[in-house]
Amino acid sequence: WARKGVPAPESVAEHSFRMALMAMMLGDRQGLDPFKLVRMCLIHDLPEVIVGDITPHDGVSAEEKHQRERVAMETLIRDIPDGKTYLALWQEYEAGQTPEARLAHQIDKLEMAIQAAEYQRQHPDIDLSEFLDNVESTITDDDFRTMLDVIRQDS
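Note on numbering: residues in each chain are counted from 1, in written sequence order. Predicted model: local features are reported for residues with pLDDT of at least 70 only, side-chain atom pairs are reported and counted for 80 or more only, and whole-chain, interface and lining totals are derived from all residues. For the side-chain quantities, the full set of heavy atoms in the structure was used; hydrogens and water were omitted.

Q: I'd love a proper account of the pattern of salt bridges, names of residues and values included.
A: Salt bridges, as used here, are contacts in which a Lys or Arg side-chain nitrogen is within 4 Å of a carboxyl oxygen on Asp or Glu. Counted by the stated rule, this structure contains 12 salt bridges. The salt bridge partner of R68 is E64, with a shortest N-O separation of 2.9 Å. With R68 and E64 both in helix α4 (residues 62-77) and 4 residues apart, the pair spans about one turn of that helix. Relative accessible area decides the class of each residue, using a 1.4 Å probe on protein chains only: under 20% of the type maximum gives buried, over 50% gives exposed, and in between gives partly exposed. With relative accessibility at 36%, the residue R68 sits in the partly exposed group. Taking the relative accessible area as the measure of exposure, E64 reaches 34% and is therefore partly exposed. Where E136 meets R145, a salt bridge forms, and the shortest distance between an N and an O atom there is 2.8 Å. Relative accessible area serves as the criterion here: at 28%, E136 is assigned to the partly exposed category. Segments assigned H or I by DSSP are reported as helices when at least four residues long, segments assigned E as strands when at least two residues long, and all are numbered from the N terminus.

Q: Kindly report on the nonpolar core, identifying the contributing residues and their values.
A: We define a nonpolar core as any set of buried Ala, Val, Leu, Ile, Met, Phe, Trp, Tyr and Cys residues linked to one another through side-chain atoms lying within 4.5 Å. One finds W1, I107, L128 and F144 to be the most contacted residues of the largest nonpolar core, which totals 38 residues. Sorting the residues of this core by element identifies α1 (12-29), α2 (34-43), α4, α5 (83-95), α6 (99-122), α7 (129-135) and α8 (142-154) as the ones contributing at least two each. Top element by residues in this core is α6. It accounts for 10 residues. In this analysis, two residues are considered to be in contact whenever any of their non-hydrogen atoms come within 4.5 Å of each other. Every residue in contact with I107, bar those within four places of it in the chain, is listed here: M19, M22, A23, L26, L37, C41 and F144.

Q: Can you lay out α4 for me, pointing to particular residues and giving the numbers?
A: Taking 1.5 Å of rise per residue, the 16 residues of α4 would be expected to cover 22 Å, and the 22 Å separating its terminal C-alpha atoms lies within 8% of that figure. If you check which residues of α4 are buried, you get E69, A72, M73 and I77. All buried residues of α4 fall inside an arc of 120 degrees around its axis, so they share one side. Buried residues in α4 make contact with α2, α3 (48-51) and α5. A helix is expected to reach a length of 1.5 Å times the quantity of its residues less one. Working definition: the arc comes from the directions between the helix axis and the C-beta atoms, pointing outward to the latter.

Q: I'd love a proper account of a nonpolar patch on the surface, names of residues and values included.
A: Judged by side-chain polarity, F17, L21, M24 and M25 come together as a nonpolar surface patch covering roughly 420 Å² of accessible area. Along the chain, L21 turns up in helix α1. Every patch collects residues that have over 30% relative accessible area and no salt bridge, joining them within 9 Å if they carry like charges and within 5 Å if they are nonpolar side chains (Val, Leu, Ile, Met, Phe, Trp, Tyr). Per-residue and other accessible areas follow the Shrake-Rupley method at a 1.4 Å probe size, with only the shown protein chains counted as cover for residues.

Q: An account of the packing of α6 against α8 is requested, with residue identities and associated values reported.
A: To obtain an axis, a line is fitted to C-alpha atoms, over the contacting stretch when the element is a helix, and the angle between two such axes runs from 0 to 180 degrees between their N-to-C directions. At their nearest, the axes of α6 and α8 sit 9 Å apart, and the two run at 10 degrees to each other. The orientation of α6 relative to α8 falls into the category roughly parallel. Contact with α6, carried on its side by L103, Q106, I107, L110, A113, I114, A117 and R121, involves F144, M147, L148, I151 and D154 of α8 and no other residues of that element. Tallied by class, the residues present in the contact of α6 with α8 amount to 10 nonpolar, 1 polar and 2 charged. Should an angle fall under 35 degrees it is taken as roughly parallel, and over 145 as roughly antiparallel, whereas 65 to 115 is taken as roughly perpendicular and any remaining angle as oblique. Residues are grouped as follows: nonpolar covers Ala, Val, Leu, Ile, Met, Phe, Trp, Tyr, Cys and Pro; charged covers Asp, Glu, Lys and Arg; every other residue, Gly included, is treated as polar.

Q: Pulling in residues and values, what's your account of unusual backbone geometry?
A: What is expected of a backbone is that most residues other than glycine have negative phi and most peptide bonds are trans. Phi is positive for A8, which is not a glycine, with a value near 50 degrees. Secondary-structure assignment places A8 in the segment before α1.

This is the structure in structure tokens:
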């Protein structure tokens, strides 16, 4: 959002909180563990506290990004009781191999699309279409695709 010039963009906390609310509602609907899904959404971007929000425009490879974030996550949980539980949950999200992790990734993209549509309405002079285009290939759930269609129509 900052790269595009959106004034006062959402924080990582705002993004993660809206994701958690979405997970709470959509996890039940999908027949998944909503508590696990909410926890995953709340910690998925936690390493950004240290490494920042590394985007494809930053010229950092996916492997390097993951390495930096893993080290940051290990640092953040080091002195927390049951910290390894949170590290494992974050790693599960990163791997994207469980139903909850796959849904959390889609919630992440859907939240980004919602935010892009909101910013587009507030700032019609800023072209945010790349954010909506970016989610097209990652959202595969039928309910989420329907929501994305509504978001696109409203923006």
